[in-house]
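Chain residues, written in single-letter form:
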Amino acid sequence: MWPVETIVCGSVLLAGLTALTVMDVRTMRLPDWLTLPLIPAGLLAAWWLGDPLLWHLAGAIIGYAGLVALELAYRAVRGRDGLGRGDAKLLAVGGAWCGAALLPVILLFASMTGLIWILALKLAGREIGAGTAIPFGPFLAAGIAAAWIVLRAGLWV
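Residues numbered from 1 in each chain as written. Predicted model: local features only at pLDDT ≥ 70, side-chain atom pairs only at ≥ 80, totals over all residues. Heavy atoms only, no water.

A short note on the side chain of Glu-71
What counts, and what does not: Where helices and strands are cited, they refer to DSSP runs of H or I of at least four residues and of E of at least two residues respectively, numbered from the N terminus. Residues are treated as being in contact if the distance between any of their heavy atoms lies within 4.5 Å.
Here Glu-71 is to be found in helix H4 (residues 53–78). The residues touching Glu-71, leaving out its near neighbours within four places in the chain, are Leu-83, Gly-84 and Arg-85.

Structure (structure tokens):
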């Protein structure tokens, strides 16, 4: 059984990720008013739970900067947007809540679940092409939730 602090923090994170998932599916947007408060909330949770705050701050910065760099590189190569800035802010949320070391896990989980979703859509007969817009936020949210559970369960060193 997890301590009360972990359950409270997890509830805040899950509520925020759920709201962001619903918004992204409905509007293809991750609004700042929902995303940005989760960054300081993650840092506060890290402090409250006794995690190294600097590592979580680094996670937020690296998560944001990494996806912004990917967004800009994609735009330079393809001449169109492929990721939104909201995705970068959401990965910053993941870094704030899970720390820098779990960012690759979050991205791997999000990418794999997104790929599985696309394959399922194709198998169901939906036309999917290079220009098909798919919200990435729900997959990032799932990756963040999974990484946070792994971290809190003590399965990540």
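Looking at the side chain of His-56
Following the sequence through the fold, His-56 ends up in helix H4. Excluding residues within four positions of it along the chain, His-56 makes contact with Leu-43, Ala-46, Asp-51, Gly-95, Ala-96, Trp-97, Cys-98, Gly-99 and Leu-151.

A closer look at the pattern of salt bridges
Note the following rule: Any Lys or Arg side-chain nitrogen located within 4 Å of an Asp or Glu carboxyl oxygen qualifies as a salt bridge. Each residue is assigned to one of three classes by its accessible area relative to the maximum for its type, calculated with a 1.4 Å probe on protein chains only: buried under 20%, partly exposed between the two thresholds, exposed over 50%.
Counting across every chain of the model gives five salt bridges. Taking the shortest distance from any N to any O, the salt bridge between Glu-71 and Arg-75 comes out at 2.8 Å. Of this pair, Glu-71 and Arg-75 both sit in helix H4, four residues apart, roughly one helical turn. Judged by relative accessible area, which is 33%, Arg-75 ranks as partly exposed.

Comments concerning a nonpolar patch on the surface
This is how it is decided: Each patch groups residues whose relative accessible area exceeds 30% and which form no salt bridge, using 9 Å between like charges and 5 Å between nonpolar side chains of Val, Leu, Ile, Met, Phe, Trp and Tyr. Here the open area of atoms and residues is found with the Shrake-Rupley method and a 1.4 Å probe, where only the protein chains shown may cover a residue.
A cluster of nonpolar side chains, Val-4, Val-8, Val-12, Leu-44, Trp-47, Trp-48 and Leu-53, forms an exposed patch at the surface whose accessible area comes to about 710 Å². Put simply, the parts of the chain that give the nonpolar patch at least two residues each are helix H1 (4–27) and helix H3 (38–48). One can find Trp-48 in helix H3. Overall, the relative accessible area of 44% leaves Trp-48 in the partly exposed class.

Digging into unusual backbone geometry
Its identity is not glycine, yet Met-28 carries a phi of approximately 60 degrees, on the positive side. Residue position: Met-28 is located in the loop between H1 and helix H2 (32–35).

Things to note about the packing of aromatic side chains
Inclusion rule: Here a pair means two rings of Phe, Tyr or Trp (six-membered ring of Trp) with centres within 6.5 Å. Their orientation is stacked below 30 degrees between planes, edge-to-face above 60, and tilted elsewhere.
In this structure the tally under the stated criterion is two aromatic pairs. Taken together, a centroid distance of 6.4 Å and an interplanar angle of 85 degrees make the contact between Trp-2 and Trp-148 edge-to-face. Taken together, the residues Trp-2 in the segment before H1 and Trp-148 in helix H7 (residues 137–152) connect sequence positions 146 residues apart. Residue class for Trp-2 comes out partly exposed when judged on its relative accessible area of 34%. Measuring from centroid to centroid gives 6.1 Å for Trp-97 and Trp-148, while their planes differ by 75 degrees, and the two rings are edge-to-face. Of this pair, Trp-97 sits in helix H5 (residues 85–98) while Trp-148 sits in helix H7, and the two are 51 residues apart along the sequence.

Here we look at H1
Here is the rule we go by: One less than the number of residues in a helix, times 1.5 Å, gives the span that helix is expected to have.
Between its terminal C-alpha atoms H1 stretches 34 Å, which fits the 34 Å expected from 24 residues at 1.5 Å a residue. Against the buried residues of H1 lie H2, H3, H5 and H7. Remark: Met-28 follows H1 within two positions and exhibits a positive phi of approximately 60 degrees.

Side note on the nonpolar core
Applicable threshold: Buried Ala, Val, Leu, Ile, Met, Phe, Trp, Tyr and Cys residues that are joined via side-chain atoms within 4.5 Å together make up what is termed a nonpolar core.
Residues Leu-90, Trp-97, Cys-98, Ile-106, Leu-140 and Ile-144 are the most contacted members of the largest nonpolar core, which totals 34 residues. Only H1, H3, H4, H5, helix H6 (103–123) and H7 provide two or more residues apiece to this core. Contact partners of Ile-106, with chain neighbours within four places excluded, come to Leu-91, Gly-94, Cys-98, Leu-140, Gly-143, Ile-144 and Ala-147.

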